[in-house]
Structures are given as structure tokens and as C-alpha cells.
Amino acid sequence: MLESPFKSGTLLLDTVPPPETAIVAEPSPWLVHLLVVIFTVLAIMTLKRFLQVVPYMADSYLRVRGSAALEGSIRVSQDRNLVALVLVIPFVLVAYRYRLFNPEIIQDLVPNLRLAAIALFFLFYILVRHLIYLWLRPRRRQDAFRQAHRVAYTFFIFLVLLLLVTLGVLLIAGVEDAFVRYILYAEMALVFVLFLRRSAQILSLSCNHLRTFLYLCALEILPAALLVISGSVL
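It should be emphasised that the depicted structure is a prediction, and the values quoted were computed from it without experimental measurement. (Residues numbered from 1 in each chain as written. Predicted model: local features only at pLDDT ≥ 70, side-chain atom pairs only at ≥ 80, totals over all residues. Heavy atoms only, no water.)

## Concerning the overall build of the protein chain
For step 1, the next point in the chain: Assigned secondary structure in the protein chain consists of nine helices and zero strands.
For step 2, the next point in the chain: When the helices and strands of the protein chain are listed from N to C terminus, the series reads α-α-α-α-α-α-α-α-α.
For step 3, the next point in the chain: When contacts within the protein chain are restricted to residue pairs at least 6 apart in sequence, long-range pairs at least 24 apart make up 73% of them.
For step 4, the next point in the chain: Accessible surface, the protein chain: about 15,000 Å² in total, of which carbon and sulfur atoms supply 69%. (Helix = DSSP H or I, 4+ residues; strand = E, 2+ residues; numbered from the N terminus. Contact = heavy atoms within 4.5 Å. Areas by Shrake-Rupley, 256 points an atom, 1.4 Å probe, with all protein chains shown as cover.)

Here is the structure:
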């Protein structure tokens with residue numbers, strides 16, 4: 001018989017891909033499912049209030065005096081604050097899913113703890129910002145100062161809604177996570193700049209340009225810079 005031309009050989013390559021090429025899918029933690037359920041219930045409960053406050057928020061986005069009209073109504077301002085509080089949940093979930101805030105000290109934590117750590121960092125930012133506001137709050141003519149501080153809640157609502165709509169479009173389009181992250185960063189930066197501009201316009205109604213600049217640096221830029229630095233250095 002003729003010898004077969006196809007001789008047996010030994011496979012020298014690994015059958016398992018190396019760690020750097022293997023795709024590791026992080027399991028969705030139970031805390032994510034719990035927060036989604038909580039947010040869904042709260043969103044349904046506050047939907048009517050959100051619809052009622054939308055015209056006031058739109059006016060606040062378009063006109064400087066719109067913020068005064070919004071803050072002048074206790075009911076509307078309280079509804080706006082409640083809606084902003086509810087939207088903290090999807091904001092934290094988006095930051096967790098796309099690692100928008102991912103300092104080294106939390107990267108090795110289990111998913112539930114990493115999500116909780118992101119929420120704590122965000123709450124710490126809110127606390128620092130509020131403490132600086134209380135420290136620098138003038139004794140007289142507080143209306144413009146208070147409006148400039150609280151307009152952040154109005155722009156935060158706009159930011160979260162913008163992020164959620166953008167994510168819906170990008171997910172349908174099948175865009176990769178890395179590119180999605182850059183788009184979300186760009187939108188956050190844009191809304192922050194618009195917020196600073198509106199805060200400066202409100203403060204300029206009762207402050208000179210130098211005082212307005214110093215207030216913005218202390219009240220808004222410093223807390224935001226601390227958050228960014230903590231995400232890059234820690």
C-alpha cells in the first residue's frame with residue numbers, strides 16, 4: 001500500500017486565546033437590577049410632576065430670567081428638585097456601565113461594590129459643592145446666588161435626558177462602547193459649559209465680572225475639578 005501523503009502532526013498553538021484577546025463580559029450585578037426597578041417605579045410616580053415642570057425648565061434654558069421664574073415658585077422648584085434626584089439613578093448606572101468614572105482604586109472591586117463606590121463619589125461631589133455654597137453664600141442679595149446654585153439641577157435633568165436619548169440611538173446603531181464613551185464625555189462637557197455660561201449670566205445680574213468669575217471658580221469649577229482629578233489620580 002502507498003503511504004498516505006497526509007502525515008499526522010502536533011498542534012503547537014494554544015487552543016485557548018490569551019488573556020489579552022479573550023473577551024470577558026462583566027456580569028450584571030443584582031444592585032443594577034434593583035436600581036432599575038426603583039427608578040422605573042419612581043419615574044412613573046413623578047411623571048406628572050416632570051411634565052408640569054418641563055415648560056419652566058425650557059424657559060430656564062432659553063432665558064436668564066427663566067431661572068428666576070422657576071425658583072420663584074416653591075411648588076415648581078420642589079418638583080424640579082425631585083425629578084433631578086430621581087435622575088441620579090440612571091446617571092450613576094450610565095457612569096457604571098460605560099466606566100465614565102473609573103479611578104484605579106475601584107477597578108478591582110466586585111461589580112456591586114464598584115457601582116456603590118461610583119454613587120458615593122457622586123454624592124461626595126454634591127456634598128462638597130453644597131458646603132462651598134453655604135460657606136460663600138452672601139448675607140445680602142442672595143436671590144441671584146441661590147438661582148445660580150440651583151440652576152445646576154435644571155441642567156442636570158437636561159444632561160441625563162440627553163445621555164439617555166443618545167444611548168438609545170447609539171445602541172440601536174450598534175456603536176462600540178469605546179466610541180459611545182467619547183460621545184458621552186463630549187455631551188457632558190458641552191452641558192457643563194452651557195451651565196457655567198448660564199450661571200455666569202445669573203450672577204452678573206448682581207455681581208461684577210471679577211466676583212462672578214471667582215464665584216464660578218469656587219462653586220462649580222473647583223468641585224468638578226476635584227471629581228475629575230480623583231477619577232484620574234486615585
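## Quick word on the environment of Ala 148
For step 1, the next point in the chain: With respect to the element layout, Ala 148 can be found in helix α7 (residues 143–173).
For step 2, the next point in the chain: Overall, the relative accessible area of 5% leaves Ala 148 in the buried class.
For step 3, the next point in the chain: In this structure the C-alpha to C-alpha distance between Ala 148 and Leu 216, which are 68 residues apart in sequence, comes to 9.2 Å.
For step 4, the next point in the chain: Apart from the residues lying within four places of it in its own chain, the contact partners of Ala 148 are Arg 129, Phe 195, Ser 199, Ile 202, Leu 203 and Glu 220. (Buried < 20%, exposed > 50% of the residue type's maximum accessible area, 1.4 Å probe, protein only.)

## Topic: the side chain of Glu 187
For step 1, the next point in the chain: Along the chain, the position of Glu 187 falls in helix α8 (residues 177–203).
For step 2, the next point in the chain: Buried within the structure, Glu 187 lacks any salt-bridge partner; Arg 181 is the closest side chain of opposite charge, at an N-O distance of 13 Å.
For step 3, the next point in the chain: Excluding residues that lie within four positions of it along the chain, Glu 187 makes contacts with Leu 159, Leu 162, Leu 163 and Thr 166. (Lys, Arg positive; Asp, Glu negative; His and termini not counted. Salt bridge = Lys/Arg side-chain N within 4 Å of Asp/Glu carboxyl O.)

## A few points about the pattern of salt bridges
For step 1, the next point in the chain: Under the defined criterion, the tally for this structure stands at seven salt bridges.
For step 2, the next point in the chain: A salt bridge links Glu 71 to Arg 150; the nearest nitrogen and oxygen atoms lie 3.6 Å apart. On the criterion of sequence distance, the pair formed by Glu 71 in helix α2 (residues 65–72) and Arg 150 in helix α7 is long-range, its members being 79 residues apart.
For step 3, the next point in the chain: Taking the relative accessible area as the measure of exposure, Arg 150 reaches 29% and is therefore partly exposed.
For step 4, the next point in the chain: Shared partners join several salt bridges into a network, and the residues in it are Arg 49, Arg 75 and Asp 79.

## Focus: the environment of Phe 192
For step 1, the next point in the chain: For Phe 192, the position within the fold is in helix α8.
For step 2, the next point in the chain: Sequence separation between Phe 192 and Glu 220 is 28 residues; the distance between their C-alpha atoms is 9.5 Å.
For step 3, the next point in the chain: Not counting chain neighbours up to four residues away, the residues in contact with Phe 192 comprise Glu 220 and Ala 224.

## Describing helix α4 (residues 88–97)
For step 1, the next point in the chain: Of all ten residues making up α4, nine are buried, and the element is well covered by its neighbours.
For step 2, the next point in the chain: Within the sequence span of α4, burial applies to Val 88, Ile 89, Pro 90, Phe 91, Val 92, Leu 93, Val 94, Ala 95 and Tyr 96.
For step 3, the next point in the chain: Buried residues along α4 sit against α1 (30–62), α3 (74–86), α6 (111–136), α7 and α8.
For step 4, the next point in the chain: Backbone geometry just downstream of α4 places Arg 99 in the positive-phi region, at approximately 50°.

## As for the packing of α7 against α8
Each pair of packed helices gets described by two things: the angle between the helix axes and the distance between those axes.
For step 1, the next point in the chain: Contact geometry for α7 and α8: axes closest at 9 Å, N-to-C directions at 160°. Of the possible angle classes, the one that applies to α7 and α8 is roughly antiparallel. With respect to the hand of their crossing, α7 and α8 are arranged in right-handed fashion.
For step 2, the next point in the chain: For the contact of α7 with α8, a count of residues per class yields 21 nonpolar, three polar and two charged. (Axes fitted to C-alpha atoms, helices over the stretch in contact; angles between N-to-C directions. Parallel < 35°, antiparallel > 145°, perpendicular 65-115°, else oblique. Left-handed = near helix turned anticlockwise from the far one by under 90°. Nonpolar A, V, L, I, M, F, W, Y, C, P; charged D, E, K, R; others polar.)

## Some remarks on the packing of α4 against α7
For step 1, the next point in the chain: In the contact formed by α4 and α7, the axes pass within 10 Å of each other and the chain directions differ by 50°. By the criterion of interaxial angle, the relationship of α4 to α7 is oblique. With respect to the hand of their crossing, α4 and α7 are arranged in left-handed fashion. On the side of α4, the interface is formed by Val 88, Pro 90, Phe 91 and Val 94, while α7 contributes Phe 156, Leu 159, Val 160, Leu 163, Leu 164 and Leu 167.

## Considerations on unusual backbone geometry
For step 1, the next point in the chain: The phi dihedral of Arg 99 falls on the positive side, at around 50°, and the residue is not glycine.
For step 2, the next point in the chain: Here Arg 99 lies in the loop between α4 and α5 (104–107).
For step 3, the next point in the chain: The class of Arg 99 is partly exposed, set by a relative accessible area of 29%.

## Examining the nonpolar core
For step 1, the next point in the chain: Core analysis: the biggest nonpolar cluster contains 55 residues, and Phe 91, Tyr 98, Leu 115, Phe 156 and Leu 184 have the highest contact counts within it.
For step 2, the next point in the chain: Secondary-structure elements contributing two or more residues to this core are α1, α3, α4, α6, α7, α8 and α9 (209–233).
For step 3, the next point in the chain: A total of 13 residues in this core trace back to one element, the largest contributor, which is α7.
For step 4, the next point in the chain: Setting aside residues no more than four positions away along its own chain, Phe 156 makes contact with Ala 84, Leu 87, Val 88, Phe 91 and Phe 122. (Core = buried A, V, L, I, M, F, W, Y, C linked by side-chain atoms within 4.5 Å.)

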